[in-house]
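Next come the chains, spelled out residue by residue.
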Amino acid sequence: MTESQIVYEDNHLLVINKQVGQLVQGDKTGDKSLLDEIKDFIKIRDHKPGNVFLGLVHRIDRPTSGLVIYAKTSKALSRLTQMVKNREIEKTYWAIVPKEMVPLEQKLVHYLRKNEKNNKATVFEKVTEGAKEARLHYKVIRTLDNYYLLEIDLETGRHHQIRAQLAKIGIPIKGDLKYGAPRSNPDGGIHLHARKLSFTHPVTKEAIEIIAPTNPQDKIWQACEK
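Cut-off values and rules
Residues numbered from 1 in each chain as written. Predicted model: local features only at pLDDT ≥ 70, side-chain atom pairs only at ≥ 80, totals over all residues. Heavy atoms only, no water. UniProt positions renumbered as here; feature names shortened; annotations may be inferred. Core = buried A, V, L, I, M, F, W, Y, C linked by side-chain atoms within 4.5 Å. Buried < 20%, exposed > 50% of the residue type's maximum accessible area, 1.4 Å probe, protein only. Helix = DSSP H or I, 4+ residues; strand = E, 2+ residues; numbered from the N terminus. Salt bridge = Lys/Arg side-chain N within 4 Å of Asp/Glu carboxyl O. 1 Å grid on protein atoms, 1.4 Å probe; cavity = no way out; pocket = protein on both sides within 12 Å on 5 of 7 lines; lining within 4 Å. Points joined across faces, edges and corners; volume = space filled by probe spheres on them. Phe/Tyr/Trp six-rings, centres within 6.5 Å; stacked < 30°, edge-to-face > 60°. Lys NZ or Arg CZ within 6 Å of the ring centre and 35° of its normal. Contact = heavy atoms within 4.5 Å. Expected span 1.5 Å × (residues − 1). Arc of directions from axis to C-beta. Nonpolar A, V, L, I, M, F, W, Y, C, P; charged D, E, K, R; others polar.

You'll find the protein entered in an unreviewed UniProt entry as RNA pseudouridine synthase, with Elizabethkingia occulta given as the organism. The UniProt entry for the protein carries the following text under Sequence similarities (unreviewed entry): "Belongs to the pseudouridine synthase RluA family."

Listed below in structure tokens is the structure:
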């Protein structure tokens, strides 16, 4: 974690622009997580003698980049966790997908069931036992030579939701081999970016809107930023 990844910070919150490959919290790989890296960073920067309190509010997948909220106080963590449950945090994503014959804008409603064995979501068209409703709205906001840039507003937060739903309609995210993309990306990630967060600050109650820039080293992302 580098200091340049911090896109917002106050006494209660810290929002990071996560890079492809970074873990938001520890998992079975045993790799060091952003949660631990940020704790170490704060401990050194702020000369804290004891343990650093830091709580993860929500997750994004390891091959995805973009905004992740961490709470620096227990008060902020409990309130933000409740806000996530109540869907009071608006999340907007960018995704690069192949230029196929799909509507330029539509709402997708599917039913997703997580398969623990292969860490993948199975998508169903109709209500299915063990599957949870998944809703999102996308629109094409830029056309490149071979790809569309989608802006996606997430209405529910299911496991691999955007990846699985877009693959279901025939436009898997660039680099996402797990969901049917033909080739991997050089960095092992996928072209899915948590672009914007909008929410009410859990303590001060001010309106917060944060936008994360995409990877400046990635030519496709930079074509979208122009």
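1. Brief notes about the nonpolar core
Of all hydrophobic cores here, the largest spans 33 residues; its most connected members are Tyr70, Leu150, Ile152 and Leu166. Elements with a minimum of two residues in this core: strand 2 (13-18), helix 1 (34-45), strand 4 (65-71), strand 5 (90-98), strand 8 (132-143), strand 9 (147-154), helix 3 (161-168) and strand 10 (192-200). If you tally residues by element for this core, the top one is helix 1, at five residues. One finds Ile69, Ala71, Ala76 and Ile208 within the second-largest nonpolar core, a separate group that totals 16 residues.

2. Some details on the pattern of salt bridges
Counted under the stated rule, the structure contains twelve salt bridges. The salt bridge partner of Arg62 is Asp31, with a shortest N-O separation of 2.8 Å. Here Asp31 lies in the loop between strand 2 and helix 1 and Arg62 lies in the loop between strand 3 (55-56) and strand 4, a separation of 31 residues in the sequence. With relative accessibility at 29%, the residue Arg62 sits in the partly exposed group. The class for Asp31 is partly exposed, based on a relative accessible area of 35%. Here Lys32 and Asp40 are joined by a salt bridge, their closest N and O atoms 2.5 Å apart. A cluster of three or more residues bridged by salt bridges with shared partners is formed by Glu9, Arg45, Asp46 and Lys72.

3. A short note on empty space enclosed by the protein
Tallied over the entire structure, the rule returns one cavity of 30 Å³ or more. Space inside the largest cavity adds up to approximately 40 Å³. Along the walls of the largest cavity sit His58, Ile60, Leu67, Lys91, Thr92, Tyr93, Ala194, Arg195, Lys196 and Leu197, which together make up its complete lining. When residues of the lining of the largest cavity are traced back to their parent elements, those giving at least two are strand 5 and strand 10.

4. What to know about the packing of aromatic side chains
Under the criterion given, the structure shown has one aromatic pair. Here the aromatic rings of Trp94 and Trp221 are separated by 6.4 Å at their centres, their planes lie at 25°, and the arrangement is stacked. Taken as a pair, Trp94 in strand 5 and Trp221 in helix 4 (residues 219-225) lie far apart in primary sequence, 127 residues in all. Between Lys120 and the ring centre of Tyr179, over which it is positioned, the NZ or CZ distance is 5.4 Å. If you follow Arg195 out to its NZ or CZ, it ends over the ring of Trp94, 3.9 Å from the centre.

5. Things to note about the UniProt feature "domain: Pseudouridine synthase RsuA/RluA-like" (unreviewed entry) in the protein
Those places that UniProt annotates as "domain: Pseudouridine synthase RsuA/RluA-like" (unreviewed entry) correspond, in this numbering, to residues 12-168. Taken end to end, residues 12-168 comprises 20% helix and 38% strand; its first and last C-alpha atoms sit 39 Å apart.

6. Observations concerning unusual backbone geometry
A negative phi angle is the norm for most residues apart from glycine, just as the trans form is the norm for most peptide bonds. Even without glycine at this site, His160 takes up a positive phi of about 55°. Note on placement: His160 falls in the loop between strand 9 and helix 3. Residue Lys205 is not a glycine yet carries a positive backbone phi of 70°. A residue is classified by how much of its surface remains accessible, and Lys205, at 56% relative accessible area, is exposed.

7. Description of the side chain of His160
Here His160 falls in the buried class, since its relative accessible area comes to 6%. When near neighbours in sequence (up to four residues on either side) are disregarded, His160 contacts Asp61, Asn119, Lys120, Ala121, Lys178 and Tyr179.

8. Here we look at helix 1
In a regular helix each residue adds 1.5 Å, so twelve residues correspond to 16 Å; helix 1 covers 16 Å between its end C-alpha atoms and thus fits that length. Along helix 1, the residues that are buried comprise Leu34, Leu35, Ile38, Phe41 and Ile42. The arc enclosing the buried residues of helix 1, seen along the axis, measures out at 125°, which places them on a common side. The elements touched by buried residues of helix 1 are strand 1 (6-9), strand 2, strand 3 and strand 4. Two residues or fewer after helix 1 comes His47, characterised by a positive phi angle close to 55°.

9. Overview of the layout of surface pockets
Estimated volume of the largest pocket: approximately 1600 Å³. Taken together, 42 residues line the largest pocket, and the ones lying closest to its centre are Arg59, Ile60, Asp61, Arg158 and His159. Mapped onto the lining of the largest pocket, the elements with two or more residues apiece are helix 2 (74-85), strand 5, strand 9 and helix 3. No other element matches strand 5, which puts four residues into the lining of the largest pocket. Per-class residue counts for the lining of the largest pocket are eleven nonpolar, 14 polar and 17 charged. In this structure, the second largest pocket encloses a volume near 460 Å³. Considering the residues around the second largest pocket, the lining is formed by 22 residues, among which Ser65, Thr214, Asn215, Pro216 and Trp221 are closest to the centre.

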